[in-house]
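Report on the structure
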Amino acid sequence: MNSEQLKRMQNDKGFIAALDQSGGSTPKALELYGVMKDSYSNDEEMFNLVHEMRKRIICDKAFNKDRILAAILFKVTMNSKIDGKYTADYLWEDKGVVPILKVDEGLAERSNGVCLMKPMAHLDELLENAKDRHIFGTKMRSVIYEYNEEAIKEVVDQQFNYAMKIFGAGFVPIIEPEVDIHAKDKAKIEDILSIYMVEALKDIPDDYKFIFKLTLPEEAGHYDVLLDYPQTVRIVALSGGYSRDEANEKLKANKNVIASFSRALAQGLNVNDTDEEFTNKLDKSIEEIYEASIS
């Protein structure tokens, strides 16, 4: 683990740029960027196109360490190069941005009101690859749709079990049990989710380090209790389907939380933008998210 990067993640101002769209979410991300499905004929072409989108964002002068702490990458992006360097090295050496890798293999079928993660059959191999590519941390996502205490506990247990293994391999894991923003009992789900996460932390050695990526809660400051535990590096928020304006307003109400936005970050960017148009749009997006993160 890179101690300089850990210090930056713990103490510096800014937010995390989520650039980790995977196989399931990539077509939608490309469509929002103005690249339609008839522009590619297979996964390889699709991933090449989304890498070009991510590369354009990362290389833009608006994207730098002044406002961005870290960037979450998909494995294809991690193993691709920018200006002759693997993406993580380019991010850290040229931009001062900490590199993080999405490691989950997608969601299992919905059951009992939640989607657990699919078993990570290739995790060991992926973590070895990530170590070679100088990755600092990882990210993995589950989704909770309904209030079901047993199922929510299963989500938390799965997240922490993988997180313990990942930390043991030398990375800081991001634990992401997303609560669907349209959930009928969203506040009630958040109450029990918080209880289960605190219970898990109580049984883990103080020197373990985790980042929590959570849906913006109904009650501002709801997850601040996690900051009472030395294992917590940071609490970050996903945009979860909210527009950038909605997400930023909710974020401002949560004083101890910073953004980790994906769709909200790239909102409005288009493949046909001129360089000047693209920079202006990206700069505006980054500035608004940054201000909401430090408010």
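Residues numbered from 1 in each chain as written. Predicted model: local features only at pLDDT ≥ 70, side-chain atom pairs only at ≥ 80, totals over all residues. Heavy atoms only, no water.

The chain is annotated in an unreviewed UniProt entry as fructose-bisphosphate aldolase of Anaerococcus lactolyticus ATCC 51172. According to the UniProt record, the Sequence similarities (unreviewed entry) comment for the chain reads "Belongs to the class I fructose-bisphosphate aldolase family." Turning to the chain, the UniProt annotation filed under Pathway (unreviewed entry) states: "Carbohydrate degradation; glycolysis; D-glyceraldehyde 3-phosphate and glycerone phosphate from D-glucose: step 4/4." (UniProt positions renumbered as here; feature names shortened; annotations may be inferred.)

**Remarks on the packing of aromatic side chains**
Inspection of every chain in the model, using the stated rule, returns five aromatic pairs. Taking 5.7 Å as the distance between ring centres and 85° as the angle between the ring planes, the aromatic pair formed by Phe160 and Phe210 counts as edge-to-face. You can see Phe160 sitting in helix H7 (residues 149-168) and its partner Phe210 sitting in strand E9 (residues 210-215), a full 50 residues away along the chain. Overall, the relative accessible area of 5% leaves Phe160 in the buried class. An aromatic cluster of at least three residues, connected via ring pairs, comprises Phe160, Phe167, Tyr208, Phe210 and Phe212. Above the face of the Tyr145 ring, Arg110 is positioned so that its terminal group lies 4.2 Å from the ring centre. A cation sits over an aromatic face here: Lys188 above Tyr147, 4.4 Å from the ring centre. (Phe/Tyr/Trp six-rings, centres within 6.5 Å; stacked < 30°, edge-to-face > 60°. Helix = DSSP H or I, 4+ residues; strand = E, 2+ residues; numbered from the N terminus. Buried < 20%, exposed > 50% of the residue type's maximum accessible area, 1.4 Å probe, protein only. Lys NZ or Arg CZ within 6 Å of the ring centre and 35° of its normal.)

**Some words on unusual backbone geometry**
Backbone geometry at Asn112 places phi at a positive 55°, although glycine is not the residue there. One non-glycine residue, His134, lies in positive phi territory at about 65°. Relative to the helices and strands, His134 resides in the loop between helix H6 (123-132) and strand E7 (137-144). Residue class for His134 comes out partly exposed when judged on its relative accessible area of 49%.

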